[in-house]
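# Examination of the molecular architecture
Take a look at the letters that make up each chain.
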Amino acid sequence: MEQNTQRFKELQPGTTLYGGKYIVEKTIGEGGFGITYKAMQQGLNRPVCIKEYFISGRCVRDTAAHTLQLQGIDDATFEKYRQAFVHEAQTIASLHHSNIVEVIDVFNENNTSYMVMPFIEGRSLQKIVEQNGPLSYNDAVNYMAQITNAVGYIHDRHLLHRDIKPDNIMITPDYKAVLIDFGSAREFEQDKTQMHTSILTQGYAPTEQYTRNSRKGSYTDIYAIGATLYFILTGQVPIEAAARITEPMPEPKEINPNIPDNANHTILKAMQLKPADRHQTVQEFMNDLLGSPLQPTDSKIVPPTPPTPPTPPSQPKATTPPIPTALKSTTTVPPTPTAKNEERITPPSNKPSNFLTWSILCTIFCCPALGIPAIVNAAQVDSRWKNGDYEGAEKAAQKARKWFWWSVAVGLVINTIYVIAELS
Ligand SMILES: Nc1ncnc2c1ncn2[C@@H]1O[C@H](COP(=O)(O)OP(=O)(O)O)[C@@H](O)[C@H]1O
Ligand SMILES: [Mg+2]
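Sequence order as written defines the numbering, with residues in each chain counted from 1. In the order they appear in the text, chains get letters beginning with A and ligands get numbers beginning with 1. Totals for whole chains, interfaces and linings use all residues, but because this is a predicted model, local features are given only for residues with pLDDT of at least 70 and pairs of side-chain atoms are given and counted only at 80 or more.

## Focus: the site of ligand 1
- Around ligand 1, the surrounding shell holds 17 residues, and the nearest of these are G29, G31, C49, I120 and D181.
- Each helix is a run of DSSP H or I of at least 4 residues and each strand a run of E of at least 2, with the numbering of both proceeding from the N terminus. When residues of the shell around ligand 1 are traced back to their parent elements, those giving at least two are β2 (22-30), β3 (34-41) and β4 (46-53).
- Each residue belonging to the shell around ligand 1 can be placed in one class, and the counts come to 7 nonpolar, 7 polar and 3 charged.
- The domain limits used here are those given by an automatic or database domain assignment. Here the shell around ligand 1 gathers at least three residues from each of two domains, domain 1 (2-118) and domain 2 (123-289). Only the C-beta atom matters for this test: placed from the backbone, it must lie within 6 Å of a molecule or strand for the residue to be near it. The residue classification treats Ala, Val, Leu, Ile, Met, Phe, Trp, Tyr, Cys and Pro as nonpolar and Asp, Glu, Lys and Arg as charged. All others, Gly included, are polar.

This is the structure we're talking about:
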């Protein structure tokens, strides 16, 4: 009986999938929407990576049969997201870029779906920095060049990745950077307001990702690219975007003085809170990072120094770093001369006071008809501010104050009339 109640969340080593085509070796990752395994592909005898659609906390597994059962989620909702997972697999399968993970199979089994990718040997950028410390400027530029190339490719196809971060970038033993985890990727139309679900990684997601229906565009991924560069050069995750309104983010150079000025400037520009102040394309970002427009040259790609031995951040070089070949095909746009002089809008430094207590008092003692709208608006101030809708929070606070004063005024008149009537 005891044995029957023992349940494993993940598939156990040795489990076969897809009619014996794949044999699970071990679990390598567990996220909110999926469990990732290393497995062996029989026949070709090669390692693969299999991602299983599994909603954490909403799925349990019948250990004997391996099948998923739902808890606290209805079939229709599970099915909707399962289809999105399959759509994700089909989207990645349609992408062909050497710096983007491939999808080689997708299938349904155990009441859920699976996508199969080649197994990428190596470590994620997150692991490399955690284990070896911040990267040198040249290594960072080489990896960023490869990643921005991949991101430019998906932006050209009207896709946003929406979860770019060091944990989703694998580095192979021959220093190739590969972008993985397209679980949050969505189609987009630049600057159109779209109902994207809010999935985000704190520190890497810009404020527009905190709200479902705000405008998103290539600048949304560019914030995350800037934050990734911040992390790999400093070893510190940037302060999350929502908190930066009240808490200033230390400049990368303050943490690591070896970071060259142009890299420091590029990161800060990519991570501007207001989308219009950021680079608008990955080419613009790379041009800024390299300090000059890229020229088609015959300079060779310089392999980054091996990530294994711990290396202190290198001294900034006076010269422009070598141009990675990966960039040559895509980078043609020189930085706009006005880019550095763009108007910077500083976010409001203080949250507007919400007037909630005063509005409630007014409703009770002055005029309920005018006090209630004051309460309704006051109640929205904090939540809007938290969601990054600073303008909305300010407007709600203004309305709350307006209704409050109307309520006080009308309350005073009514009470005065009442007192005069009583006395006469
Ligand atoms: N193709 C792959 N090859 C090797 N390791 C992978 C591969 N895809 C993912 N991983 C590893 O599994 C982890 C989780 O995978 P990921 O797709 O990022 O899912 P999630 O973050 O949603 O759990 C990654 O951080 C990486 O270490
Ligand atoms: Mg991931």
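## Quick notes on the nonpolar core
- Nonpolar core, as used here: buried Ala, Val, Leu, Ile, Met, Phe, Trp, Tyr and Cys residues forming one set through C-beta atoms within 7 Å. Neighbour counting defines burial: a residue surrounded by 20 or more other C-beta atoms within 10 Å of its own C-beta is buried, one with 12 or fewer is exposed, and intermediate counts give partly exposed, using backbone-placed C-beta atoms. Membership of the largest hydrophobic core comes to 79 residues, with the highest contact counts inside it found for I50, A140, I147 and I225.
- Residues lining this core come from more than one domain, with at least three contributed by each of domain 1 (2-118) and domain 2 (123-289).
- Not counting the four nearest positions on each side in its chain, I225 is found in contact with I147, T148, V151, I164, A270 and F285.
- C366, C367, A374 and A397 belong to the second largest nonpolar core, which has 16 residues in total. Our contact criterion uses C-beta atoms placed from the backbone: two residues qualify when those atoms are within 7 Å.

## Side note on the pairing of β2
- Strands are labelled as partners when DSSP assigns at least two bridges between them. Judged from the 2 bridges that link them, strand β1 (residues 16-17) and β2 form a sheet pairing that is antiparallel. When the bridges of β2 are listed, T16 appears paired with I23.
- Two elements, β2 and β3, share 7 bridges in a ladder whose sense is antiparallel. The residue bridging K26 from the neighbouring strand is K38, located in β3.
- A loop of 3 residues connects β2 with β3, the two strands running antiparallel in sequence.

In short, geometric facts, not functional conclusions.
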